[in-house]
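The lines below spell out each chain.
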Amino acid sequence: MTTKSSWNTSMLCDFYELTMGNGYFQKGFRDKITYFDVFFRRIPDGGGFAIAAGLEQLVEYIQNLHFSEEDIAYLRNRGIFDEDFLNYLRNFRFTGDIWAVPEGTPVFPNEPIVTVRAPAIEAQMVETYILLCINHQSLMATKANRVVRAADGRAVMEFGARRAQGADAAVVGARAAYIGGVAGTATVLSDQVYGVPALGTMAHSWVQMFDSQYEAFRAYCELYPQNAVLLVDTYNTLKSGVPDAIRAFNDVLRPLGIKKCGIRLDSGDITYLSKKARKMLDDAGWSECTITVSNSLDEYLIRDLLRQGAQIDAFGVGERLITARSEPVFGGVYKLVAVEENGEILPKIKISENVSKITTPHYKKFYRFFGNDTGKAIADYLCVHDEVVDDSMPMVIFDPDATWKKKEVYDFTAREMQVPVFQGGRLVYQLPSLEEIRAYCHREVDSLWDEVKRFDNPHRYYVDLSKKLWDIKYRLLERTY
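Report on the accompanying structure. Per chain, residues are indexed from 1 in the order of the written sequence. Selection of residues for local features in this predicted model requires a pLDDT of at least 70, selection of side-chain atom pairs for listing and counting requires 80 or more, and totals for whole chains, interfaces and linings are taken over all residues. Side-chain metrics in this entry use all non-hydrogen atoms of the structure; hydrogen atoms and water are not considered.

A word on unusual backbone geometry
For step 1, the next point in the chain: Even without being a glycine, Ser296 presents a positive backbone phi close to 50 degrees.
For step 2, the next point in the chain: Mapping Ser296 onto the fold places it in the loop between β10 (290-293) and α13 (299-307).
For step 3, the next point in the chain: Exposed residues in this analysis have more than 50% of their type's maximum accessible area, buried residues have under 20%, and partly exposed residues fall in between, with area computed by a 1.4 Å probe over protein chains only. Taking relative accessible area as the criterion, Ser296 reaches 30% and is therefore assigned partly exposed.
For step 4, the next point in the chain: The residue Ala324 is not glycine, and still its phi comes out positive at about 45 degrees. The numbering of helices and of strands both runs from the N terminus, where a helix is a DSSP run of H or I of at least 4 residues and a strand a run of E of at least 2.

Structure (structure tokens):
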């Protein structure tokens, strides 16, 4: 039996990737160059944008692609794989090219977040793990950013490990949430592995362990005077919790000249309790004492608390963030968009009765247009790989679904959004630090208009096709029907 510590992520794939790979090998498609796009069709929670994340884990996976003798023996025992194909897997590695948007980039439906160009077997074999990386972390980063924006400048801490769908989801979920803007996590392993600041103080059990609540608070202040944040709702928040916290602060912190401290509320009517607690703290001379709240929060509850005038300095958000409980699936897909034959790139399209599932064919470029006067993003523009946007001249773009809707853009800068990550199987991208990714995400989200960032009924951001790409798509549609 293979243990988790010896898992080979190359085997974390859908079985059809192996059966198709075996078929490609036997039918002569082994060296056929293919192009696949990773994109999504709908933004979670009805939002105006999503945030791409997971590229670093994708890179690690591609660099470690291989099949062990144990893997090959398992496949042989299935009794359906050609022996020459199994021998091919012995020396398997990724030799293709990958382009991707940097982590932290705001993205929109039907845009290529990742593009893979590789021999058919290689391109097919990486499908599941690439989607796993991008789907999960993009969902987490997107949800976290919504929660952080709702907090309106107040710190948000990710508190959800114990409710996450497994250990990996807890650890990389905290990483993605940090990209999206949270200040830190309760998950220590995410700090150790990725550098996401680990934060936290006490649970109710600490208070219950002592003979009295005051003794618990005093002991904690004595142990951690520079980080004394006391959980005040174990028994009665206003009658004993806040008064005992004030008493502990007075007895331990005040003689040390320490003014930085805090309390946390984890139950009850948060708006009412925070207002009352704030007045009690201020009256006792602890105006610098912060109030942190938790208890099954999300962006809507946080927004409502602040609208009601709750006196809150920071939020701890757990299960509804780490599970993206309101919509726990990102929905990214991996679709063939082109193949090479005799040195020519031939576009491929997938057609469906469900119009939203019709793909945009071809090997593409992906531009974002920014207004030079505002620095704000105007629209995104998908075009064929050999097209070049001249942003020194005005240009007319149009809605690909309602072509009569046109817009002239001028005085703008066009930025190509995808960057080369692998070329010929070799990593050519300098992976940024997590702090750099987080700062980049903040800048890029800030480049979106507020109308796009609304939680409810956001403005639909334009993602347009070039005339050449639009013509290719509709020519393929007409030919198929």
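Past the structure itself, the notes keep going.
Section: the packing of aromatic side chains
For step 1, the next point in the chain: Working definition: rings of Phe, Tyr and Trp (its six-membered ring) pair if their centres are within 6.5 Å, and the pair is stacked with planes under 30 degrees apart, edge-to-face with planes over 60 apart, and tilted otherwise. Overall, the coordinates contain 24 aromatic pairs when judged by the stated rule.
For step 2, the next point in the chain: With a centroid separation of 5.3 Å and an interplanar angle of 35 degrees, the aromatic rings of Trp99 and Tyr363 are classed as tilted. Of this pair, Trp99 sits in strand β3 (residues 97-100) while Tyr363 sits in the loop between β13 (344-347) and β14 (364-371); the two residues are 264 residues apart in sequence, bridging distant segments of the chain.
For step 3, the next point in the chain: In this structure Trp99 comes out as buried when scored by relative accessible area, which is 15%.
For step 4, the next point in the chain: Seen in terms of ring centroids, Trp206 and Tyr220 are 5.6 Å apart; in terms of plane orientation they differ by 85 degrees. Their pairing is edge-to-face. With Trp206 in helix α9 (residues 204-209) and Tyr220 in helix α10 (residues 213-223), the pair connects residues that are 14 residues apart, well separated along the chain.

A closer look at the sheet that holds strand β18 (residues 412-416)
For step 1, the next point in the chain: A pair of strands is considered paired only if DSSP assigns at least 2 bridges between the two. The strand order across the open sheet built from 4 strands is β18-β14-β15-β21, with neighbouring strands paired in mixed fashion. Edge strands, defined here as strands with exactly one partner in the open sheet, are β18 and β21 (463-465). Strand after strand, the sheet turns through a mean of 30 degrees between neighbouring axes, direction not considered.
For step 2, the next point in the chain: Direction of pairing for β14 relative to β18: antiparallel, over a ladder of 5 bridges. Axis definition: a line fit to C-alpha positions, over the contact stretch in the case of helices; interaxial angles, taken between N-to-C directions, run 0 to 180 degrees.

What to know about the side chain of Thr323
For step 1, the next point in the chain: Summarising the element assignment, Thr323 is placed in the loop between α14 (319-322) and β12 (333-341).
For step 2, the next point in the chain: Pairs of N or O atoms within 3.5 Å make up the polar contacts considered here, provided that, within protein, one atom can donate a hydrogen while the other can accept it, and that residues adjacent in sequence are counted only when both atoms are side-chain atoms. Within the local environment of Thr323, its side chain forms a polar contact with the backbone oxygen of Glu319, the two atoms lying 2.4 Å apart.
For step 3, the next point in the chain: Any pair of residues with heavy atoms lying within 4.5 Å of one another is described as a contacting pair. If we ignore the near neighbours within four places in the chain, the residues touching Thr323 are Met140, Arg163, Ala164, Gln165 and Pro328.

Some thoughts on the pattern of salt bridges
For step 1, the next point in the chain: Salt bridges are counted wherever a side-chain nitrogen of Lys or Arg sits within 4 Å of a carboxyl oxygen of Asp or Glu. In this structure the tally under the stated criterion is 30 salt bridges.
For step 2, the next point in the chain: Between Arg175 and Glu103 there is a salt bridge, and its shortest N-O distance comes to 2.8 Å. In this pair, Arg175 sits in helix α7 (residues 167-180) while Glu103 sits in the loop between β3 and β4 (106-107), placing the two residues 72 residues apart along the sequence. With respect to burial, Arg175 and Glu103 carry one shared label: buried.
For step 3, the next point in the chain: For the salt bridge of Arg460 with Asp399, the shortest nitrogen-to-oxygen distance reads 2.7 Å. Of this pair, Arg460 sits in the loop between α15 (434-446) and β21 while Asp399 sits in the loop between β16 (395-398) and β17 (406-409), and the two are 61 residues apart along the sequence.

Structural notes on the pairing of strand β1 (residues 33-39)
For step 1, the next point in the chain: Most of β1 sits inside the fold, with 7 of its 7 residues counted as buried.
For step 2, the next point in the chain: Of the two faces of β1, the one carrying Ile33, Tyr35, Asp37 and Phe39 and the one carrying Thr34, Phe36 and Val38 are both buried.
For step 3, the next point in the chain: The pairing of β1 with strand β5 (residues 114-119) spans 6 bridges and is classified as antiparallel. Residue pairing in the sheet places Val38 in a bridge with Val114 of β5.
For step 4, the next point in the chain: Sheet topology note: the β1/β12 ladder contains 6 bridges and is antiparallel. The partner of Asp37 across the bridge, within β12, is Lys335.

Focus on the state of the cysteines
For step 1, the next point in the chain: When the sulfur atoms of two cysteines come within 2.5 Å, that pair is taken as a disulfide. By the definition in use, this model includes 0 disulfides.
For step 2, the next point in the chain: Residue Cys133 stays outside any disulfide, its sulfur separated by 13 Å from that of Cys13, the closest cysteine.
For step 3, the next point in the chain: What makes Cys133 buried here is its relative accessible area of 5%.
For step 4, the next point in the chain: No disulfide involves Cys289; its sulfur sits 3.8 Å from that of Cys261, the nearest cysteine.

Structural notes on the nonpolar core
For step 1, the next point in the chain: Residues grouped as a nonpolar core are buried Ala, Val, Leu, Ile, Met, Phe, Trp, Tyr and Cys residues, joined through side-chain atoms within 4.5 Å. Formed by 133 residues in total, the largest nonpolar core has its most connected members in Val116, Phe249, Ile263 and Phe315.
For step 2, the next point in the chain: Counting residues per element, this core draws most heavily on helix α6 (residues 127-151), at 13 residues.
For step 3, the next point in the chain: Those residues in contact with Phe315, other than ones at most four positions away along the chain, are Ala151, Arg154, Ala155, Val156, Met157, Thr292, Val293, Leu297, Ile302, Leu305 and Leu306.
For step 4, the next point in the chain: By size, the runner-up hydrophobic cluster in this structure holds 11 residues, among which are Phe369, Cys383, Val389 and Met395.

A few points about the environment of Asp45
For step 1, the next point in the chain: In this fold, Asp45 is placed in the loop between β1 and β2 (50-51).
For step 2, the next point in the chain: Residues Asp45 and Ala324, spaced 279 residues apart in sequence, show a C-alpha to C-alpha distance of 9.3 Å.
For step 3, the next point in the chain: Here Asp45 is in contact with Lys143, Arg146, Glu299, Tyr300, Ser326, Glu327 and Phe455, once residues within four sequence places are set aside.
For step 4, the next point in the chain: Looking at Asp45, its side chain comes within polar contact range of the side chain of Lys143, at 3.5 Å.

Any link to function would need more than the numbers given here.
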